[in-house]
Structures are given as structure tokens and as C-alpha cells.
Amino acid sequence: MNKKFVISILPYQSANTVLSNLAEAGFENISVIMNEAVKARNLADDSGPLRGVDANLLPQALKKNGISDNTVASVQDALQKGSVLIAFATVPASVDAANEILRDAGATQIESI
């Protein structure tokens, strides 16, 4: 079954809530990336599609997953400002539900590929 790669930028203050809401909705294996790796690890165990990728390696990993250069640049800028990137894979039928959870938490730059 094909899966969609979902990424989103959200404020650090919303991260715990959105991760909890995603877990309650059945979304799992979520990567959390921040410029401050310790804070990211405190938010969640990195079991998602970007497992082991830190902020320095993120541009290459995003491009490898089909994310555009413009989006990669926006993500890097947001991380520099203290935002959180979350990434996960899900079945296409669940993308709308995931996007709603993300939007409700104040996420921006939601992209599904």
C-alpha cells in the first residue's frame, strides 16, 4: 500500500498537543526535528521516516523524500526561529484527518507527498 509523506511546521508550544492528538488518532512513527536535538528527543522518540536525521542533514533528507527546494528553505528558516518539524507516513485516506489535526494545532507549511 502506498503511503503519503506528511511534513508540517508548528510552534514548539503546540508540539506536545499535536503529537498527543496524532497518537490518539492512530498516527505513529513520527519524526520530530528541531535545531535543539535534546528538546526534540524530549518531545518524542524518533521512530518516523526521518529517524536519525538532525537539522544539519535535514535538507538532503527532505529532498530525497520529494520536498521542493522552496519548502526546504522555508523549513530551515522556521527551525532557525525555534519551530518544530514533524514528519510521518500515512495511507492516502488518512491525510485529510492528519492535516486537520495539524491545522487545529496551528501548524503551517503542511505538505503531503
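Please refer to the structure higher up on the page.
Definitions and limits used
Residues numbered from 1 in each chain as written. Predicted model: local features only at pLDDT ≥ 70, side-chain atom pairs only at ≥ 80, totals over all residues. Heavy atoms only, no water. Helix = DSSP H or I, 4+ residues; strand = E, 2+ residues; numbered from the N terminus. Buried < 20%, exposed > 50% of the residue type's maximum accessible area, 1.4 Å probe, protein only. Contact = heavy atoms within 4.5 Å. Areas by Shrake-Rupley, 256 points an atom, 1.4 Å probe, with all protein chains shown as cover. Lys, Arg positive; Asp, Glu negative; His and termini not counted. Charge placed at Lys NZ, Arg CZ, Asp CG, Glu CD. Salt bridge = Lys/Arg side-chain N within 4 Å of Asp/Glu carboxyl O. Pairing = 2+ DSSP bridges.

**Digging into the overall build of the chain**
Each helix and strand in the chain was counted, giving five helices and four strands. Across the chain, helices and strands are ordered from the amino to the carboxyl terminus as β-α-β-α-α-α-β-α-β. Based on the C-alpha atoms only, the size of the chain along its principal axes is roughly 30 × 25 × 25 Å. When burial is assessed residue by residue, the chain has 43% of its 113 residues classed as buried. Restricting the contact set of the chain to residue pairs at least 6 apart, pairs at least 24 apart contribute 70%. For the chain, the computed accessible surface area is about 6,200 Å², with 44% contributed by carbon and sulfur atoms. Each charge class in the chain was averaged separately, 9 positive and 12 negative side chains, and the resulting centres sit 5 Å apart.

**A closer look at the pattern of salt bridges**
As enumerated under the stated definition, the model contains three salt bridges in all. For the salt bridge of Glu36 with Lys39, the shortest nitrogen-to-oxygen distance reads 3.9 Å. Residue class for Glu36 comes out partly exposed when judged on its relative accessible area of 47%. For the salt bridge of Lys81 with Asp77, the shortest nitrogen-to-oxygen distance reads 3.1 Å. Accessibility expressed as a relative area gives 40% for Asp77, which makes it partly exposed.

**Digging into the pairing of strand β3 (residues 84-90)**
By the criterion of burial, β3 is predominantly enclosed, with six of the seven residues buried. Two strands pair when backbone bridges link them, and strand β1 (residues 4-10) and β3 are joined in this way by seven bridges, in the antiparallel orientation. Following the sheet pairing, Phe5 is matched in β3 by Ala89. Looking at chain direction, strand β2 (residues 31-33) and β3 are connected through three bridges and run antiparallel. Along β3, the bridge assignment pairs Val32 with Ile86.

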